[in-house]
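These are the residues of each chain, in order.
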Amino acid sequence: MPAQTLITDISARLLYRDALMLVIDKPAGLPVHPGPKGGPTLTDYLDALRFGLPKRPQAAHRLDRDTSGCLVLGRHAKALARLNRLFAESAVEKTYWAVVEGGPPDEAGTIDLPLAKRSNDPRSWWMKVDPAGDPSLTHWRVLGRDPAAGRTVLKLKPVTGRTHQLRVHCAASGWPILGDAVYGTAPRGADLHLHARALVLPLYPRKDPIRVEAPPPERMRSELARCGLPA
């Protein structure tokens, strides 16, 4: 896996702030929560985002360690409970960008494959397609192609929120995400080309949904440009 990422100024990664939540652009290589192997996590930096509140914010959902982009933080317990409910009810519209090896022949489609853990080990997060697993649904659309390199940029919109859903769905469809050393063909230490591009959250009943975007990360920009997307 990529080397652990350190943040020099987390406030520079703030994308959105209001009384209930923050949205930051999480860098790839930094886990959201502590793991069995220890090391730095996003939690280590969150005291800098209290903005006058007595407690630091907490993540309202998960992003894989090697996935970058939009991450929602609840600023206090009631806000976190409301955000957790929105994510649990699939009320948050999530958009990811991924560079995949190969690519689908069509321009848009849906992947409907149930997922389950590969093993019963509670420490394992690896997943597999399993007819007896949890329902898992992903919509996708092609944003650009690089025929010479045999790569494609996809916009991925997961309806469900299973662990590693996008990585497993893409790999099972025959076009693994570039840099995926678990479900694809990449060597250990490669950069995963998966980015949480945008979120739409209906947080306030009497207001329009909140829309937040995270800019493409440096590690993906050259591949995006080769596929015809502006840098």
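Relevant structure appears above.
What you are looking at is a predicted structure, and each value in this text was computed from that prediction instead of being measured. (Residues numbered from 1 in each chain as written. Predicted model: local features only at pLDDT ≥ 70, side-chain atom pairs only at ≥ 80, totals over all residues. Heavy atoms only, no water.)

Asker: Help me understand the overall build of the protein in this model?
Answerer: Secondary structure summary: the protein contains 3 helices and 12 strands in total. Relative to the 2.2 N^0.38 estimate, which gives 17 Å for 231 residues, the radius of gyration of the protein is 17 Å and therefore close to what a compact globule would have. C-alpha extents for the protein along the principal axes are approximately 50 × 40 × 40 Å. Taken over 231 residues, the protein has a buried fraction of 47%. Restricting to contacts in the protein with at least 6 residues of sequence separation, those with at least 24 account for 65%. Measuring between centres, the 33 positive side-chain charges of the protein sit 6 Å from its 23 negative side-chain charges. (Helix = DSSP H or I, 4+ residues; strand = E, 2+ residues; numbered from the N terminus. Rg over C-alpha atoms; globule rule 2.2 N^0.38 Å. Buried < 20%, exposed > 50% of the residue type's maximum accessible area, 1.4 Å probe, protein only. Contact = heavy atoms within 4.5 Å. Lys, Arg positive; Asp, Glu negative; His and termini not counted. Charge placed at Lys NZ, Arg CZ, Asp CG, Glu CD.)

Asker: Even after reading the chapter, I still don't get the side chain of Arg197, so can you show me in this structure?
Answerer: Relative to the helices and strands, Arg197 resides in strand S11 (residues 194–201). Those residues in contact with Arg197 that lie beyond four places of it in its chain are Cys70, Thr95, Tyr96, Trp97, Val212, Glu213, Ala214, Pro215 and Pro216.

Asker: Is there a simple way to explain empty space enclosed by the protein in this structure?
Answerer: If a probe the size of a water molecule is rolled over the atoms, the empty space left behind becomes visible. Counting across every chain of the model gives 2 cavities of 30 Å³ or more. Along its surface, the second largest cavity is lined by His61, Leu63, Cys70, Lys94, Thr95, Tyr96, Ala196, Arg197, Ala198 and Leu199. Where the lining of the second largest cavity is concerned, the elements lending two or more residues are strand S5 (93–101) and S11. The dominant element in the lining of the second largest cavity, judged by the number of residues it contributes, is S11, at 4 residues. In the lining of the second largest cavity, the residues fall into 6 nonpolar, 2 polar and 2 charged. (1 Å grid on protein atoms, 1.4 Å probe; cavity = no way out; pocket = protein on both sides within 12 Å on 5 of 7 lines; lining within 4 Å. Points joined across faces, edges and corners; volume = space filled by probe spheres on them. Nonpolar A, V, L, I, M, F, W, Y, C, P; charged D, E, K, R; others polar.)

Asker: Is there a simple way to explain unusual backbone geometry in this structure?
Answerer: One non-glycine residue, Phe51, lies in the positive phi region at around 50°. Its location among the elements puts Phe51 in the loop between strand S2 (21–26) and strand S3 (58–59). For Ser90, which is not glycine, the phi dihedral falls at a positive 55°.

Asker: How should I be thinking about the pattern of salt bridges in this particular structure?
Answerer: Pairs may arise between side chains of opposite charge once their charged atoms sit close together. Per the counting criterion, the structure on display carries 11 salt bridges. Lys157 serves as the salt-bridge partner of Glu93, at 2.8 Å between the closest nitrogen and oxygen. Residue Glu93 is found in strand S5, and its partner Lys157 is found in strand S10 (residues 151–158); the two are separated by 64 residues along the sequence. Among the residues examined, Glu93 registers a relative accessible area of 39% and is labelled partly exposed. Among the salt bridges present, the one from Arg221 reaches Glu218, with a minimum N-O distance of 3.0 Å. Pair noted here: Arg221 and Glu218 are both in helix H3 (residues 218–226), with a separation of 3 residues, about one helical turn. Each of Asp64, Arg167 and Asp180 takes part in a single network of salt bridges with overlapping partners. (Salt bridge = Lys/Arg side-chain N within 4 Å of Asp/Glu carboxyl O.)

Asker: Help me understand H3 in this model?
Answerer: Think of an α-helix as 3.6 residues a turn; residues three or four steps apart then line up on the same face. Taken together, the buried positions of H3 are Arg219, Met220, Glu223 and Leu224. Buried residues in H3, looked at end-on, bunch into an arc of 110°, giving them a common side. Residues of H3 that are buried sit in contact with strand S4 (68–74), S5, S10 and S11. The positive-phi residue at the C-terminal boundary of H3 is Gly228, with phi of around 95°. (Arc of directions from axis to C-beta.)

Asker: Help me out: how do you make sense of helix H1 (residues 77–88) in this one?
Answerer: Helix length check: H1, at 12 residues, gives a terminal C-alpha distance of 16 Å against a target of 16 Å (1.5 Å per residue), a fit within 8%. Of all the residues in H1, the buried ones are Ala79, Leu80, Leu83, Leu86 and Phe87. Down the axis, H1 shows its buried residues gathered within 120° of arc, on one side only. In this structure, H1 carries Ala77, Lys78 and Ala88 as exposed residues pointing more than 90 degrees from its buried face. (Expected span 1.5 Å × (residues − 1).)

Asker: Whenever I open this one, the environment of His164 confuses me. Can you help?
Answerer: Considering the arrangement of structural elements, one finds His164 in the loop between S10 and helix H2 (165–172). We classify His164 as buried; its relative accessible area is 12%. A C-alpha to C-alpha distance of 8.0 Å links His164 and Trp125, two positions 39 residues apart in sequence. A polar contact of 2.6 Å, which involves the side chain of His164, links it to the side chain of Tyr183. (Polar contact = N/O pair within 3.5 Å; in protein donor to acceptor, adjacent residues only side chain to side chain.)

Asker: Sorry if this is basic, but what is going on with the environment of Pro57 here?
Answerer: Its location among the elements puts Pro57 in the loop between S2 and S3. Owing to a relative accessible area of 3%, Pro57 belongs among the buried residues under this scheme. Taking the C-alpha atoms as reference points, Pro57 and Leu83, 26 residues apart in sequence, are found 12 Å from one another. In this view, Pro57 contacts Leu22, Leu46, Leu49, Arg50, Leu73, Gly74 and Arg75; residues no more than four positions away in its chain are not counted.

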